[in-house]
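Results of the structural survey
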Amino acid sequence: METPDSGSNKKGFGLLILSISLATFMASLDGTIVNIALPTISESFKISTTTVSWVATSYLLVMVGCLLVFGKISDTIGYKKIFLSGFAIFTLGSLFCGILPEIVLGFPSLVVSRMFQAVGGAMIMSVAAAMISTYIPMEQKGKAMSIIMLFAALGTAIGPTIGGILTQYLSWHWIFFINVPVGIFAILLGAKVIPASQPVPGHGGFDRLGAGLAFVGLASLVFVVSEGESMGWTSPIILCTTVLAVVTLAWFVRQELGVADPLLDIRLFKNRNFFLTNLLLCLVFLSFSGINYLLPFYLEYVHSYDTSTAGLIMTSLSFAMMVAGLIAGVTFNRVGARWLCILACIPLIVGYYMMTQLHVYTSTGFVVGSLALIGFGLGLIVTPATTMIMMAVSKTKAGMISSLTSLERTAPLTIGIAIFNLLLIEGVIRIAKNYDVTSKSPADIQVQVLSAGFDLAFVLSLVLGIVILIIALVVKVEIHPDYAEEGETPAVDVL
């Protein structure tokens, strides 16, 4: 891959970072802005809440299934082609989501349009980190990653607010139309500032079988964890899809170990530090998934907050992520990636512990403080962890590893919802069986048992936070010679 020529200035790098940041902003905004409008879409098409959930599920299935595929393709044909094509597809898909349901087929056309939009989303997200890793100078990498995190957190934070305003005062169609002008601007900007790259031919041709297995296996896994509860974990469809996911993913691993030019180089995970750093990133998002999914229910069911108030409280996490992301970028080169990860675990663990202490009479300030600590820890750890993963591998595999880090963010958030939901249900059942029902009113018993169920579920986040700290303490920073040439002293062991 070519990097920008030596005459590139800071302004050029700034515009490149802005172009990439717009991608993460749109991806983050799209998730939260759509979810808030699902009830309105359900009413518009006169469909059930289970059916309307496919607006989100279909997008997620295609996104996760395509990430590794486009990451590998980008290493071969270049990041610029994938990035710009992805933005074009995402923007066009957004336009289709807003227009086609009113013209043909109604709700089914919305689902199909979302799947088309997801292809573009996967193309964008698969190369975002790779472009930062490849094109941005060593001394600016940490700052660039932190700016991307800032935009991602901003999109997550303002998504529900913008979605609610657009849906209430215009229509649900505008949650998709808003992507169109941003997408057009990003395409024009990207075409100007993203460096051209030379094709890097593969050694054994594109691994079509591996791509098919990855798509089917990952999409099946997401389907199982997304629909298992509503359809029943022992239903024939869920059981058959589980078998399909296990078989195809196992076949995928075997396939990748046997081809000359794999879609995902499984052999990289033989390196202890590379494996541990990827595990750390997965566990960070898995631990966060429970808080992100369950806390709004706690706020609404236990404290009787309305949806908008609960959403406003949750934004404290996103804004703390923004602040920490900026700090991580400024201090990255001075403190170092590993120490940032270790320091990030302190507010993360404290925040998770505070979440296990929630009860019926917990103050709003306590909840906001807990979320702020968790958000600060997340903002501080994601940038260095992602950078450590990207810099440990050759630039020729940057697209592959970039798509892997995107997958490690998306999949754990989905899988975590199912895990934490099961913990909540099981916890409530077990606590209710042993709760003293002789001295309290039935209403108080119901709320306090539910609150205790949330506490029990959040214990998993605390345990995972401790595991993350242990991994951060033992992992080492390893820098591939491709990046060492930029001025960084490589570690003794490199991939």
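Numbers given to residues run from 1 along each chain, matching the order in which its sequence is written. Whole-chain, interface and lining totals are the exception, using all residues; otherwise, since this is a predicted model, local features are given only for residues with pLDDT of at least 70 and side-chain atom pairs are given and counted only at 80 or more. Processing note: side-chain calculations cover all non-hydrogen atoms of the structure and skip hydrogens and water entirely.

A look at the overall build of the protein chain
Starting at the N terminus, helices and strands are each numbered in turn, a helix being any DSSP run of H or I of at least four residues and a strand any DSSP run of E of at least two. Summing up its helical and strand segments, the protein chain has 18 helices and 0 strands in all. In this analysis, two residues are considered to be in contact whenever any of their non-hydrogen atoms come within 4.5 Å of each other. A separation of at least 24 residues holds for 82% of the contacts in the protein chain among residues at least 6 apart in sequence. Method for areas: the Shrake-Rupley scheme with a 1.4 Å probe, in which residue coverage is limited to the protein chains shown. Accessible surface, the protein chain: about 20400 Å² in total, of which carbon and sulfur atoms supply 69%.

Side note on the nonpolar core
Of all hydrophobic cores here, the largest spans 144 residues; its most connected members are F83, L110, L295, L371, I381 and I401. Once residues within four sequence positions are removed from consideration, L110 is found in contact with I41, F45, V55, C97, P101, W172 and F176. To define a nonpolar core, start from buried Ala, Val, Leu, Ile, Met, Phe, Trp, Tyr and Cys residues and group those joined through side-chain atoms within 4.5 Å. Under the scheme applied here, a residue whose accessible area is under 20% of the maximum for its type counts as buried, over 50% as exposed, and between as partly exposed, the area being computed with a 1.4 Å probe on protein chains only.

Quick look at the packing of aromatic side chains
Within 6.5 Å between ring centres, the rings of Phe, Tyr and Trp (the latter by its six-membered ring) count as paired, and their orientation is classed by plane angle as stacked under 30 degrees, edge-to-face over 60, tilted in between. Taken as a whole, this structure holds 8 aromatic pairs when the rule is applied. Between F25 and F151, the aromatic rings sit 6.5 Å apart at their centres with planes inclined by 90°, giving edge-to-face as the arrangement. Of this pair, F25 sits in helix α1 (residues 10–35) while F151 sits in helix α7 (residues 138–169); the two residues are 126 residues apart in sequence, bridging distant segments of the chain. For the pair F25 and F151, a shared accessibility class is recorded, and that class is buried. One aromatic cluster is present, built from ring pairs that chain together F45, F107, W172 and F176. Here the basic side chain of R338 rests over the ring of W339, its NZ or CZ set 5.8 Å away from the ring centre. Two conditions define a charge sitting above a ring: the NZ of Lys or the CZ of Arg must be within 6 Å of the ring centre, and it must be within 35 degrees of the ring normal.

Some thoughts on the side chain of T362
For T362, the location among the structural elements is in the loop between α14 (337–355) and α15 (364–391). Two N or O atoms form a polar contact when they lie within 3.5 Å of each other; inside protein one atom must be a possible hydrogen donor and the other a possible acceptor, and for residues adjacent in sequence the pair counts only when both atoms belong to side chains. Separated by 2.7 Å, the side chain of T362 and the backbone nitrogen of H359 make a polar contact. With sequence-adjacent residues up to four places away left out, T362 is seen in contact with Y298, H303, Q357 and V367.

Examining helix α6 (residues 107–135)
In this model α6 runs 42 Å from its N-terminal to its C-terminal C-alpha over 29 residues, within 8% of the 42 Å that 1.5 Å per residue would give. Bend angle per residue: angle between axes fitted to the 7 residues ending at that residue and the 7 residues starting there. A128 marks where α6 bends most, by close to 30°. Along α6, 24 of the 29 residues are buried, which leaves the element largely enclosed by surrounding structure. What a helix is expected to span follows from its residue count: subtract one and scale by 1.5 Å.

So, the side chain of S58
Topologically, S58 is positioned in helix α4 (residues 54–77). By relative accessible area, S58 is classed as buried at 3%. Leave out the neighbours within four places in its chain, and S58 touches V111, R114 and M115.

Observations regarding the pattern of salt bridges
Each salt bridge in this description consists of a side-chain nitrogen of Lys or Arg and a carboxyl oxygen of Asp or Glu lying within 4 Å of one another. In the structure shown here, the tally under the stated rule is 2 salt bridges. In this structure, R267 engages D265 in a salt bridge whose closest nitrogen and oxygen atoms are separated by 3.8 Å. Here K397 and D265 are joined by a salt bridge, their closest N and O atoms 2.7 Å apart. With K397 in the loop between α15 and α16 (398–434) and D265 in the loop between α11 (236–258) and α12 (272–301), the pair connects residues that are 132 residues apart, well separated along the chain. The class of D265 is buried, set by a relative accessible area of 10%. One salt-bridge network, in which partners are shared between bridges, spans D265, R267 and K397.

Observations concerning the confidence of the model for the protein chain
The score called pLDDT rates the predictor's confidence residue by residue, from a low of 0 to a high of 100. For the protein chain, mean pLDDT is 80; residues scoring 70 or higher make up 88% of the total. Predicted confidence for residues 437–445 stays below pLDDT 50, and this span has 6 contacts to residues more than four positions away or in other chains. Below pLDDT 50 for its whole length, residues 488–495 participates in 20 contacts with residues either more than four positions away or in separate chains.

Quick notes on a nonpolar patch on the surface
A grouping of V335, W339, L343, I346 and V350 is seen on the molecular surface, where their side chains present a nonpolar patch of about 450 Å² in accessible area. When you line up the elements, V335 lands in helix α13 (residues 307–335). Owing to a relative accessible area of 34%, V335 belongs among the partly exposed residues under this scheme. Residues form patches when they are more than 30% accessible in relative terms and have no salt bridge. Like charges link within 9 Å. Nonpolar side chains (Val, Leu, Ile, Met, Phe, Trp, Tyr) link within 5 Å.

Topic: the environment of M231
Here M231 is to be found in helix α10 (residues 208–231). M231 gets classed as partly exposed once you look at its relative accessible area, which sits at 35%. Setting aside chain neighbours within four positions, we find M231 in contact with F223, I237 and I238.

Focus on unusual backbone geometry
The backbone of K46 sits at a positive phi, close to 55°, despite the residue not being glycine. Within the fold, K46 resides in the loop between α2 (38–45) and α3 (49–52).

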